[in-house]
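# Secondary and tertiary structure notes
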Amino acid sequence: MYIIKVKGVAKIPDYVQLRDEKFTLLAYFRVDRPEKSLDKVGLADKAEYIMNLVNELPFGQILKLEL
């Protein structure tokens, strides 16, 4: 699984993309509201770990997530 942090512009907030090994989009959520999307893809129990990585990740960089 991969994480990409996307920088928002003007009124558009920052977003996070979660993608699988084939780079198919699994989840797309605002940085400040990850709960519902992570729950939908079954990662609610790892939300704190994922958000710690997201907060440290620079915008536009892809990070391979090992769960």
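Residues numbered from 1 in each chain as written. Predicted model: local features only at pLDDT ≥ 70, side-chain atom pairs only at ≥ 80, totals over all residues. Heavy atoms only, no water.

So, about the pattern of salt bridges. Scanning the model with the defined rule gives three salt bridges in all. A salt bridge links Glu21 to Lys64, with the shortest nitrogen-to-oxygen separation between them at 3.5 Å. A residue pair is termed long-range when its members are at least 10 positions apart, and Glu21 in the loop between strand 2 (15-19) and strand 3 (25-30) and Lys64 in strand 4 (residues 62-64) qualify at 43 residues. Put simply, Arg30 and Asp32 hold a salt bridge, and the shortest N to O gap is 2.9 Å. Among the residues examined, Arg30 registers a relative accessible area of 23% and is labelled partly exposed. (Salt bridge = Lys/Arg side-chain N within 4 Å of Asp/Glu carboxyl O. Helix = DSSP H or I, 4+ residues; strand = E, 2+ residues; numbered from the N terminus. Buried < 20%, exposed > 50% of the residue type's maximum accessible area, 1.4 Å probe, protein only.)

The next subject is the packing of aromatic side chains. Counted according to the given criterion, the structure contains two aromatic pairs. When the centroid spacing of 5.6 Å and the interplanar angle of 50 degrees are considered together, the rings of Tyr2 and Phe23 count as tilted. Of this pair, Tyr2 sits in strand 1 (residues 2-6) while Phe23 sits in the loop between strand 2 and strand 3, and the two are 21 residues apart along the sequence. By relative accessible area, Tyr2 is classed as buried at 18%. Residues Tyr15 and Tyr28 carry aromatic rings whose centres are separated by 4.6 Å and whose planes lie at 5 degrees to one another, so their mutual orientation is stacked. Of the two residues, Tyr15 sits in strand 2 while Tyr28 sits in strand 3, which places them 13 residues apart along the sequence. (Phe/Tyr/Trp six-rings, centres within 6.5 Å; stacked < 30°, edge-to-face > 60°.)

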